[in-house]
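Read off the chains here:
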Amino acid sequence: HRRKHNYTSEVEINNAKLLGERRLSLWRSVLAEPHPNLRLVFVSQHLADEVVEDSDLAVPASQLSVIHNPIDTSLFTYEPKPTLQRTKILSVRPFADRTYANDLSVAAILKLSEKPFFDELDFHIIGDGLLFDEMVEPLRRFSNVLIEKGFISQAQIADLHKEYGVFLVPSRLDSQGVSRDEAMASGLVPVTSAVAAIPEFVDDDCGFLAPAEDAAALAAAIESLYNDPALFQRLSANAAARVRRQSGPEQTIDKELALFQTSRPKLPSV
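Criteria and cut-off values
- Residues numbered from 1 in each chain as written.
- Predicted model: local features only at pLDDT ≥ 70, side-chain atom pairs only at ≥ 80, totals over all residues.
- Heavy atoms only, no water.
- Phe/Tyr/Trp six-rings, centres within 6.5 Å; stacked < 30°, edge-to-face > 60°.
- Helix = DSSP H or I, 4+ residues; strand = E, 2+ residues; numbered from the N terminus.
- Buried < 20%, exposed > 50% of the residue type's maximum accessible area, 1.4 Å probe, protein only.
- Lys NZ or Arg CZ within 6 Å of the ring centre and 35° of its normal.
- Salt bridge = Lys/Arg side-chain N within 4 Å of Asp/Glu carboxyl O.
- Pairing = 2+ DSSP bridges.
- Axes fitted to C-alpha atoms, helices over the stretch in contact; angles between N-to-C directions.
- Expected span 1.5 Å × (residues − 1).
- Polar contact = N/O pair within 3.5 Å; in protein donor to acceptor, adjacent residues only side chain to side chain.
- Patch = residues over 30% accessible without salt bridge, like charges linked within 9 Å, V, L, I, M, F, W, Y side chains within 5 Å.
- Areas by Shrake-Rupley, 256 points an atom, 1.4 Å probe, with all protein chains shown as cover.
- Contact = heavy atoms within 4.5 Å.
- pLDDT = per-residue confidence, 0-100.
- Core = buried A, V, L, I, M, F, W, Y, C linked by side-chain atoms within 4.5 Å.

### Brief notes about the packing of aromatic side chains
- One pass over the structure, following the stated rule, counts 4 aromatic pairs.
- Centre to centre, the rings of Phe95 and Phe132 are 4.8 Å apart; their planes meet at 75°, and the pair counts as edge-to-face. Of the two residues, Phe95 is situated in the loop between strand E3 (88-92) and helix H3 (102-112) and Phe132 in helix H4 (residues 132-136); the sequence distance between them amounts to 37 residues. With respect to class, Phe95 is no different from Phe132; both count as buried.
- Ring pairs connect the aromatic residues Phe118, Phe123 and Phe142, which therefore count as one cluster.
- When the ring centre of Tyr226 is taken as reference, the NZ or CZ atom of Arg86 above it lies at 5.6 Å.

Listed below in structure tokens is the structure:
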């Protein structure tokens, strides 16, 4: 039911319900009487809360941890952004389904095209998937929108981060948002959506959180950055600092290793 936006017919919805019930049945059987050695680790508190709610079971707090996905800050390095990069907007996303909300990015760009400063903005959209061609078609008429179909490596993404200042990344459902955090680590200001777990990782001090399904708010965020170079640089620096503070190795990998050390199996006595 949380991904209903991906289905377009009653047949698809009913098939998804059947598959969902099978998955829930599995996890209910696991969690009904959790083994003392079992530890559940979630990448966000929001995801942990969803699982507990959907399974309708109480998981002992001692057996539940929240450890974020790690962000490689040695690859996604931060250098202070020149103010000109506030006009350079990057989007690197799958177009596999509507969860990634690329249609909202397209709608935001179309709204910005009505502004007198639009020609001063540069957009770069990279991605692939079943919805790619259909979704990006309305943007092909703009000379300042570079559309690149395909996937690129982490190293290539990190290099691109050096050239751009804003990461346009709306969503309909996110348990964390690793690509957004990688961009933030590089100093890009995230323009995203206040849905699911995203507010655990982005706030007004390091980016923009648009209401769900609100392309106009996404466009307004980019306009705010265009009009306020100082705001852009402040949010950029704060974004890079927040990722290191929240999802750096000490907060992720080190916590995972510590969890293994404190959760050694209780072997039966002989």
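### Observations regarding the pattern of salt bridges
- Counted by the stated rule, this structure contains 10 salt bridges.
- For the salt bridge of Arg140 with Glu137, the shortest nitrogen-to-oxygen distance reads 3.5 Å.
- Residue class for Glu137 comes out partly exposed when judged on its relative accessible area of 48%.
- The partner of Arg180 in a salt bridge is Asp181, and the shortest N-O contact between them spans 2.8 Å.
- On the basis of relative accessibility, which here comes to 2%, the residue Arg180 falls in the buried class.
- The exposure class of Asp181 is buried, given its relative accessible area of 2%.

### Examining the sheet that holds strand E6 (residues 166-168)
- One open sheet accounts for 6 strands, arranged E5-E4-E3-E6-E7-E8; its pairing is parallel. The open sheet is flanked by strand E5 (145-149) and strand E8 (208-210), the only strands paired with a single partner. Geometrically, the sheet is characterised by an average inter-axis angle of 20° between neighbouring strands, direction not taken into account.
- Summarising the sheet, E6 and strand E7 (residues 189-193) pair through 3 bridges and their orientation is parallel. Counted as the bridge partner of Leu168 is Val191 from E7.

### Comments concerning helix H7 (residues 215-227)
- Compared with the 18 Å implied by 1.5 Å per residue over 13 residues, the 19 Å span of H7 between its first and last C-alpha is a close match.
- The distance from a side-chain oxygen at the start of H7 to the backbone nitrogen of Ala216 is 3.2 Å, and the residue carrying that oxygen is Asp214.

### What about a nonpolar patch on the surface?
- Together, Ile253, Leu257 and Phe260 make up an exposed nonpolar region whose accessible area comes to about 320 Å².
- Examined against the element boundaries, Leu257 turns out to sit in helix H9 (residues 253-262).

### Some details on unusual backbone geometry
- Its identity is not glycine, yet Ala101 carries a phi of approximately 55°, on the positive side.
- By secondary structure assignment, the location of Ala101 is in the loop between E3 and H3.
- The exposure class of Ala101 is buried, given its relative accessible area of 0%.
- Despite not being glycine, Ala196 shows a phi value in the positive range, around 50°.
- Position of Ala196 relative to the elements: it lies in the loop between E7 and E8.
- Among the residues examined, Ala196 registers a relative accessible area of 24% and is labelled partly exposed.

### Some words on the environment of Lys149
- Secondary-structure assignment places Lys149 in strand E5.
- Judged by relative accessible area, Lys149 falls into the partly exposed class, the value being 47%.
- Measuring from C-alpha to C-alpha, the distance between Lys149 and Asp128 comes to 5.5 Å, with 21 residues separating the pair along the chain.
- The contacts of Lys149, once residues within four sequence positions are left out, are Gly127, Asp128, Phe132 and Asp133.
- At 2.9 Å, the side chain of Lys149 and the side chain of Asp133 are in polar contact.

### Brief notes about the confidence of the model for the protein chain
- Looking at the protein chain as a whole, the pLDDT averages 92, with 96% of positions reaching at least 70.
- Here helix H1 (residues 10-32) stands out as the least confident element of the protein chain, with mean pLDDT 84; E6 is the most confident, with 99.

### Topic: the nonpolar core
- Core analysis: the largest hydrophobic core is formed by 37 residues, its most contacted members being Leu121, Phe123, Val191 and Leu225.
- Counting residues in each nonpolar core, the second largest holds 23 residues, with Phe76, Ala183, Ile198 and Cys206 among its members.

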